[in-house]
Amino acid sequence: MTGEIHALGRQAAASNTNIYVLHMDSSFIDAFSERRGPSPTLLRDSGSLAAGLEMVSGAAGGTLIRVQAGTGDSAFQRVLRENSAYYLLGVEPQPDDRDGEAHRIQVRVRARGATVRSRTIVIVPRAGG
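To keep things clear, this report deals only with the structure shown in the data block. Keep in mind it's a predicted model, so treat the numbers as computed, not measured.

**What about the overall build of the protein?**
- In terms of regular secondary structure, the protein is built from four helices and four strands.
- Counted from the first residue to the last, the protein has its helices and strands arranged as α-β-α-α-β-α-β-β.
- A total of 129 residues make up the protein; the buried ones form 22% of that total.
- Long-range pairs, those at least 24 residues apart, make up 64% of the contacts in the protein with a sequence separation of at least 6.
- For the protein, the exposed area adds up to about 9800 Å²; of that, 52% sits on carbon and sulfur atoms.

Structure representation (structure tokens):
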């Protein structure tokens, strides 16, 4: 699945899309509402189920937000807050970069405590195409 997840991240980058994933995970509440009690691997199982979603959203410049109880209103508010303002970063490609392939990028800032969300790849169209 990892190859397919990375391909989805590349497609999001090519379409200039950020993906935020809300993982509505009721497994913790469900485990304590059952008579037999929680599984000893409950937290690990929940993390494993969300791992692919986290890879997709991270590759596409978004994030995974876990919602373990309630309606998810706070998660939706977080997505709106994070997208209410942004900086647009431009990249000047070198001639060799114009190959239509995915190129890894990393964005860092010096501001302490800042959260930076950016794509992990950029796709520069072929020259003349």
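More follows now that the structure is in view.
**A few points about the layout of surface pockets**
- Estimated volume of the largest pocket: approximately 1300 Å³.
- Those elements that place two or more of their residues in the lining of the largest pocket are α1 (2-14), β3 (102-104) and β4 (121-123).
- The greatest single-element share of the lining of the largest pocket, amounting to three residues, is contributed by β4.
- By residue class, the composition of the lining of the largest pocket is 19 nonpolar, nine polar and six charged.

**Digging into the side chain of Ser57**
- Inspection of the secondary structure puts Ser57 in helix α3 (residues 42-59).
- Of the residues examined, Ser57 reaches a relative accessible area of 1% and is grouped as buried.
- When near neighbours in sequence (up to four residues on either side) are disregarded, Ser57 contacts Ile19, Val21, Gly62, Thr63 and Leu64.

**A look at the pattern of salt bridges**
- Applying the stated criterion to the full structure yields two salt bridges.
- The residue Glu82 makes a salt bridge to Arg78 at a minimum N-O spacing of 3.0 Å. A residue pair is termed a helical-turn pair when its members lie 3 or 4 positions apart in one helix, as Glu82 and Arg78 do in helix α4 (residues 73-82) at four residues.
- What makes Glu82 partly exposed here is its relative accessible area of 26%.
- Residues Glu82 and Arg117 are paired through a salt bridge, measuring 2.7 Å at the closest nitrogen-oxygen approach. With Glu82 in helix α4 and Arg117 in the loop between β3 and β4, the pair connects residues that are 35 residues apart, well separated along the chain.
- For Arg117, a relative accessible area of 29% translates into the label partly exposed.
- When salt bridges that share partners are traced, they join Arg78, Glu82 and Arg117 into one network.

Calculation rules
Residues numbered from 1 in each chain as written. Predicted model: local features only at pLDDT ≥ 70, side-chain atom pairs only at ≥ 80, totals over all residues. Heavy atoms only, no water. Helix = DSSP H or I, 4+ residues; strand = E, 2+ residues; numbered from the N terminus. Buried < 20%, exposed > 50% of the residue type's maximum accessible area, 1.4 Å probe, protein only. Contact = heavy atoms within 4.5 Å. Areas by Shrake-Rupley, 256 points an atom, 1.4 Å probe, with all protein chains shown as cover. 1 Å grid on protein atoms, 1.4 Å probe; cavity = no way out; pocket = protein on both sides within 12 Å on 5 of 7 lines; lining within 4 Å. Points joined across faces, edges and corners; volume = space filled by probe spheres on them. Nonpolar A, V, L, I, M, F, W, Y, C, P; charged D, E, K, R; others polar. Salt bridge = Lys/Arg side-chain N within 4 Å of Asp/Glu carboxyl O.

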